[in-house]
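Here are the chains, one letter per residue:
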Amino acid sequence: MSDKPKSDKPAADVPPVVLESGIEVKPIYSYEDVKDIDLESELALPGKYPFTRGIHPLMYRKRPFTMRQYSGFGTAEETNERFKFLISQGQTGLNVAFDLPTQLGLDSDDPMAEGEIGRVGMAVDSLKDMERAFEGIPVDKIGTSLTINSVASVLIAMYAVVAEKQGVPLEEIRGTSQNDILKEYIGRGTWIFPVQPSIRLIADTMEFCANSMPKYYPVSVCGYHIRESGANPIQEIAYAYCIAKAYIDEVKARGVDVNAFVPQISFNFDIHGNFFEQIAKFRAARRLWAKIVKNDYGSTNPKAMMMKMIAGGGGGGLTIEQPENNIVRGAYYALISALSGTQTMALCSYDEAYTIPSKKAALISLRTMQILMEEMGLGDTVDPMAGSYYIEWLTNEMEARIVEQMKKVDSMGGIVKAVSEGTVQREVALQAYEVERKIQSGELPKVGVNKYRTEEEEAREIEFHEHDPKVAEAQIAALNKLRAERDNKAVEDALNVLKEKAATKENLMPYIMDAVRAYATVGEITKVFKDVFGEFEEPVKL
Amino acid sequence: MKKIRVLIAKPGLDGHDRGAKVVAQALRAAGMEVIYTGLHQSVDQIAQTALQEDVDVVGVSIYSGAHLYFGEKLMAKLREEKLEDRLVIFGGNIPNRDILALKEFGVTEVFPTGAKFEDIAKYIEDNVKRGE
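Novice: Which parts of the structure should I look at to understand the overall build of chain A?
Specialist: Check the secondary structure of chain A and you find 23 helices and 12 strands. In terms of overall size, chain A behaves like a compact globule, its C-alpha atoms giving a radius of gyration of 23 Å where 542 residues would be expected to give roughly 24 Å. With the C-alpha coordinates aligned to their principal axes, the bounding extent of chain A is approximately 80 × 60 × 50 Å. With 542 residues in all, chain A has 53% of them scored as buried. Restricting the contact set of chain A to residue pairs at least 6 apart, pairs at least 24 apart contribute 76%.

Below, the structure written as structure tokens:
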């Protein structure tokens, strides 16, 4: 970075460019823009604090990012079959989709579940379904991500009991669960209980994992869905970090050492929009997280300071129009992700703007990642974007703005209050409206949507993932059989103990595991929690 | 002139509310009065709200693929509540081949993902029956 800049001024009069984050981009960057960066404290080598350049010294040179496509639908058997297919094709991690009744703690025979059983993911009523889904899949070798939030404690408990039955000790279990309820109130919407008891359940899983499941990531804080709901990239990171801090505060207040449990927090971030803005976002986010954990929490464990993430294609960037264009977008998102030092990649498949991915689409996503890593040299050297005048300047700029945004949340009374009252929800919804308005007016170009449309495209029918109503029948029949065959006295006893403990401050994980072992259903356990905790009342002010 | 009253509803368990909220803002910007139900609404709850708020339009947003299921149930319920003269509009991830089926249930119009705000607003203005 020593060549002398010729000029800092734009070469000619050009229209201004402003990123989604509100940052104005100059036509040319030079040494002048980066000369004040302290290499030692801000851009230390990969694997060194503050990890701007990556959390491991050798990154993909040593181990490629995990490739983990989201899958799972219908019954546990179908899901198991898709898992085995993806593993046979070289996928290195699993990511389970659950149907909406499961995500909302409803058994398949609940009237509110009707029409949704097995539709957007696998239906899980009891441990039986999880046993079938993971049959022949060793949970100490293949790390599985459970996309579940309100009832994550129950599904983690089931996963742990599946491991028990496979003969895998708790300390060897690999995997992640999403388990980030605060973002569910902002986007995605699978909340059940009020805010405080929901955070308590998350803290229970974090504390339990810190003590008993050291290789498991109980919480994946999701900026992803916040961005998908309309947040800009700055807000995506800022809100996610405020949320992560809320969970940390809760667990820390119980006397658990931050050096022990913070390393088990991971993040899930979004990629769509401006190419460079995303890369700078991730580098800034990594640096800032290290500073937060070190300075705000006094952590001395570098592992706690490392921001680990899954970052893949954001569905929000994909279009229902000319869906094959999404294959190209997905490839760029994957490139961004690889250039940003992600730990795990999952791409939205090209048909994901309108359905859950077909087998073919999921395979194209997997191949996209494999091509980057195995043909194109994305793993050859760590953080190849480092030292770019523009990228380093933008990384600094993003970091400063994320800090500002976090201060704004503090001044609103903190993220828990803002989410409970719906302030953040309203803000991102208004931004979503603005973005959509700009797309419709053409102000914000979207290829194939407000530009370069074709007639035949508009007439074309898209293919949907077919939902089989027989799934519901089979699921309900299996549930009835379970209720008839299990030891109902044992179930009742376990649920009674759980109810009693839920009213105390005790960690609920061991009691949830007992209920799960007795084959209590997700719905029955949720009912216990609803009785004790109540239900969330959504602030619906537009 | 009395403002057109619109209920934007999210039936069932689907939590994708970006579309619902965006359309709600757009219709408000077009001068209508908009009420949003929030998530996780049963068909009965939606019909009750439509009745109590005496809306002219019920806009239903679904992304999970369960539109046919909810279309049939909701239309039956609205008829039961004598609300069949209201416009019922569905939006979200709805394939062309299901539009006819929804209309057979009595849904007045369908605006799938990508529909323009001005088209939705114009449709409502042209077709709303004021119920007076």
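Novice: I would appreciate a short explanation of the sheet that holds strand β5 (residues 109-112) of chain B in the present structure.
Specialist: Note on sheets: strands pair through backbone hydrogen bonds, and any given pair is parallel or antiparallel. All names here are of chain B. One open sheet accounts for five strands, arranged β2-β1-β3-β4-β5; its pairing is parallel. Looking along the sheet, the strands with just one partner apiece sit at the ends: β2 (33-36) and β5. With direction set aside, neighbouring strand axes in the sheet form an average angle of 20 degrees. Summarising the sheet, strand β1 (residues 5-9) and strand β3 (residues 57-62) pair through four bridges and their orientation is parallel. Within β3, the residue paired with I8 across the bridge is G59.

Novice: Would you take a moment to explain the nonpolar core for this structure?
Specialist: Nonpolar side chains tend toward joint burial in soluble globular proteins. All names here are of chain A. Y159, A240, Y247, L498, I512 and A515 are the most contacted members of the largest nonpolar core, which has 202 residues in total. Ranked by residues supplied to this core, first place goes to helix α10 (residues 233-252) with 12 residues. Here this core spans two domains, and each of domain 1 (39-459) and domain 2 (477-533) adds at least three residues to it. If we skip the residues at most four places from it in the chain, L498 touches L508, Y511, I512, A515, I525 and V528.

Novice: Got a minute to help me understand helix α3 (residues 67-80) of chain B in this structure?
Specialist: Helical geometry note: an α-helix holds 3.6 residues per turn, so side chains three or four residues apart project in the same direction. Residue and element names in this part refer to chain B. Its 14 residues give α3 an end-to-end C-alpha distance of 20 Å, which sits within 8% of 20 Å, the value for a rise of 1.5 Å per residue. Among the residues of α3, those classed as buried are H67, Y69, F70, G71, K73, L74, M75 and L78. Residues of α3 that are buried make contact with α2 (43-52), β3, β4 (87-92) and α4 (96-104). Of the residues one or two after α3, K82 is the one with positive phi, at around 60 degrees.

Novice: What should I look at first to understand the interface of chain A and chain B in this one?
Specialist: Interfaces are often described in size by the accessible area the parts lose on coming together. Listed per partner, the contact involves 29 residues of chain A and 30 residues of chain B. Sorting the residues of the side of chain A that touches chain B by element identifies α4 (100-103) and α18 (423-441) of chain A as the ones contributing at least two each. The dominant element in the side of chain A that touches chain B, judged by the number of residues it contributes, is α18(A), at six residues. In terms of residue class, the side of chain A that touches chain B is built from 15 nonpolar, seven polar and seven charged.

Novice: What is the right way to look at the domain arrangement of chain A in this model?
Specialist: Residues and elements named next belong to chain A. We note that the domain assignment places domain 1 (39-459) and domain 2 (477-533) within chain A. Computed from C-alpha coordinates alone, the two centres of domain 1 and domain 2 are separated by 29 Å. Secondary-structure elements contributing two or more residues to the side of domain 1 that touches domain 2 are α5 (127-133), α6 (152-166) and α8 (195-212). Tallied by class, residues from the side of domain 1 that touches domain 2 come to 15 nonpolar, six polar and seven charged.

Novice: Could you clarify how one ought to interpret unusual backbone geometry in this entry?
Specialist: Among all residues save glycine, negative phi is the norm, and among peptide bonds the norm is trans. All names here are of chain A. In this model, Y49 is joined to P50 through a cis peptide bond whose omega is 0 degrees. Structurally, P50 can be placed in the loop between α1 (39-42) and α2 (59-62). Phi at R188 is positive, roughly 90 degrees, even though this residue is not glycine. Within the secondary structure, R188 sits in the loop between α7 (181-186) and α8.

Novice: Whenever I open this one, the pairing of strand β6 (residues 143-146) of chain A confuses me. Can you help?
Specialist: Along a regular strand, successive side chains alternate from one face of the sheet to the other. Residues and elements named next belong to chain A. Judged by which residues are buried, β6 turns out to be covered on both faces: G143 and S145 on one side and T144 and L146 on the other are all buried. Summarising the sheet, strand β5 (residues 93-96) and β6 pair through four bridges and their orientation is parallel. In the strand pairing of β6, N95 is matched with S145. Bridge analysis of β6 against strand β7 (residues 175-177) gives three bridges, and the strand direction is parallel.

Novice: Mind showing me how you'd approach the packing of helix α21 (residues 488-502) of chain A against helix α22 (residues 509-517) of chain A here?
Specialist: Residues and elements named next belong to chain A. Direction vectors running N to C along α21 and α22 enclose 160 degrees, while the axes themselves pass 9 Å from each other. Judged by the angle between their axes, α21 and α22 are roughly antiparallel. Considering how the two elements wind past one another, α21 and α22 form a crossing that is left-handed. Where α21 approaches α22, its residues A494, L495, V497, L498 and K501 are matched on the opposing element by Y511, I512, D514 and A515. Residues that form the contact of α21 with α22 fall into these classes: seven nonpolar, no polar and two charged.

Novice: What's the story with the confidence of the model for chain B in this structure? I'm lost.
Specialist: Do not read the predicted coordinates in detail wherever pLDDT is low. Residue and element names in this part refer to chain B. Per-chain confidence: chain B averages 94 in pLDDT, with 98% of residues scoring 70 or above. Confidence, expressed as mean pLDDT per element, reaches its minimum in chain B at α4 with 94 and its maximum at β1 with 98. Overall fold confidence (pTM) sits at 0.94, and the ipTM for the predicted complex is 0.93.

Novice: Where do I start with the environment of I265(A) in this structure?
Specialist: Residue and element names in this part refer to chain A. Here I265 is to be found in strand β10 (residues 265-271). Under the C-beta neighbour-count criterion, I265 is labelled buried, with 22 such atoms within 10 Å. Along the primary structure I265 and A304 are separated by 39 residues, whereas in three dimensions their C-alpha atoms are 8.2 Å apart. Aside from chain neighbours lying at most four places away, what touches I265 is V219, V221 and A244.

Each value, and the rule that gives it
Residues numbered from 1 in each chain as written. Chains lettered and ligands numbered in written order. Predicted model: local features only at pLDDT ≥ 70, side-chain atom pairs only at ≥ 80, totals over all residues. Helix = DSSP H or I, 4+ residues; strand = E, 2+ residues; numbered from the N terminus. Rg over C-alpha atoms; globule rule 2.2 N^0.38 Å. Buried ≥ 20, exposed ≤ 12 C-beta atoms within 10 Å, placed from the backbone. Contact = placed C-beta atoms within 7 Å. Pairing = 2+ DSSP bridges. Axes fitted to C-alpha atoms, helices over the stretch in contact; angles between N-to-C directions. Core = buried A, V, L, I, M, F, W, Y, C linked by C-beta atoms within 7 Å. Domains from an automatic or database assignment. Expected span 1.5 Å × (residues − 1). Nonpolar A, V, L, I, M, F, W, Y, C, P; charged D, E, K, R; others polar. Parallel < 35°, antiparallel > 145°, perpendicular 65-115°, else oblique. Left-handed = near helix turned anticlockwise from the far one by under 90°. pLDDT = per-residue confidence, 0-100.

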